[in-house]
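Chain by chain, the residues run as shown.
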Amino acid sequence: MVVLLLTMVCGVHICILFLKHLNTNKTMIKFLNIEVIDHHNESCLDPHLEQWEIPYVHYPQPQTFKRNECSCNPVRYFAILSMQRSGSGWFETLLNNHTNVSSNGEIFSIPDRRRNVSSILKNMDKVYNLDWFSSASKNECSAAVGFKWMLNQGLMENHEEIVKYFNKRGVSAIFLLRRNLIRRMISVHANMYDKDAKQLNGTHKSHVHSPLEAQILATYKPKLNATLLIPELKQDEETAAKAMQYFNTTRHIVVYYEDAINNRTKLNEVQDFLRLPLRELRSRQVKIHTTPLSNQVQNWGDVQKTLKGTSYESFLVDYQISSSAPL
């Protein structure tokens, strides 16, 4: 009986040792697999990269095509964070004018793509894995890939998860904002009006490519609600400030539309931010509202009276730009 008991104990002990050995081998196999993947990525890294740049340099492996000879071409991930009628459409056409950039438009304008956090992250994965196809896609040899994201398209509500994603995946944020929020407000009202009026031969256009089309759209002069003017300006200002605060821990740059219009070296700063070879960037878009603000609003006197003596008084003094200026 004693011999039988000792035999059973020894058998159990040997079995435990065998299982531990098996688990150790499995762990080693997993570890070795990870090392091989990391080694493959490291073999592509440019030895001249600064240490801080490495998390923002990627070598995506798309599921829908092969990058072939470009598999070791580094790709930077970015997102243009903006508000409607802030010049983001014009700005994106400039980026896409670069031979190495693919900015895939306002992907979250479709509500179903932002119905929850999982959907948002899934769609971003698709973009950054180069599996998102649009007219801007340059596929194999893209050096920077991203998209345009309005602050009211699920970005603010889900900012914590999105910031974590940006930091984990090495996504750089480009804030594109307007200094003069009155101009943005006029553009918002004019665009909303044209959605119904369809002034261009029964077609609504948010952006135009000819001076004649711009002139037609600019004939509409909205009447701004003087009572709501300051609260709405304050809300827009606070929204932009809150977004920049939320994404403060990400790698980001802030670009103002007016600065980019008046000082084209700002576009060089953006290219440098994305570590792109410098190119002269051009857009076919034509600016719609080019006249002084006093000519663009029906009740300009009310607007002046409301903003006089407030922190928004500076919006009354505005820049001008010719409609024929190259954008």
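Worth saying up front: this structure is predicted, and the values here are computed from it rather than measured.

Trainee: Can you help me understand the pattern of salt bridges in this one?
Mentor: Between side chains of opposite charge, a pair can form when the charged atoms approach closely. Tallied over the full model, the rule gives twelve salt bridges. A salt bridge links Glu 53 to Arg 76, with the nearest nitrogen and oxygen atoms 3.4 Å apart. Of the two residues, Glu 53 is situated in the loop between α1 (2-44) and β1 (76-82) and Arg 76 in strand β1; the sequence distance between them amounts to 23 residues. Accessibility classification places Glu 53 together with Arg 76 in one group, the buried group. The salt bridge involving Asp 236 is made with Arg 184; its shortest N-O contact spans 3.0 Å. Here Asp 236, found in helix α8 (residues 226-246), pairs with Arg 184, found in helix α6 (residues 181-197); they are 52 residues apart in sequence, far enough to count as distant. Judged by its relative accessible area of 10%, Arg 184 is buried.

Trainee: Explain the sheet that holds β1 to me, please; I cannot follow it from the model alone.
Mentor: What the five strands build is an open sheet, ordered β2-β3-β1-β4-β5; its pairing is parallel. If you trace the sheet from one side to the other, it starts and ends with β2 (101-103) and β5 (252-256), each paired once. Between one strand axis and the next, the sheet turns by 20 degrees as a mean value, whatever way the strands run. Alignment of β1 against strand β4 (residues 171-177), held across six bridges, turns out to be parallel. What sits directly across from Ser 82, in β4, is Leu 176.

Rules and cut-offs
Throughout this document, residue positions are counted from 1 along each chain, in the order its sequence is written. Local features are withheld for residues below a pLDDT of 70 in this predicted model, meaning they are given only at 70 or higher, and side-chain atom pairs are given and counted only at 80 or more; totals for whole chains, interfaces and linings count all residues. Excluding hydrogens and water, the side-chain figures rest on all heavy atoms present in the structure. By definition, a salt bridge exists where a carboxyl oxygen of Asp or Glu is found within 4 Å of a side-chain nitrogen of Lys or Arg. The numbering of helices and of strands both runs from the N terminus, where a helix is a DSSP run of H or I of at least 4 residues and a strand a run of E of at least 2. Only protein chains enter the accessibility calculation, which uses a 1.4 Å probe; a residue whose area is less than 20% of its type maximum is buried, one above 50% is exposed, and one in between is partly exposed. In short, DSSP must find at least two bridges between two strands for them to pair. Helix axes use the C-alpha atoms of the stretch in contact, all axes being lines fitted to C-alpha atoms, and the angles between their N-to-C directions lie in the range 0 to 180 degrees.

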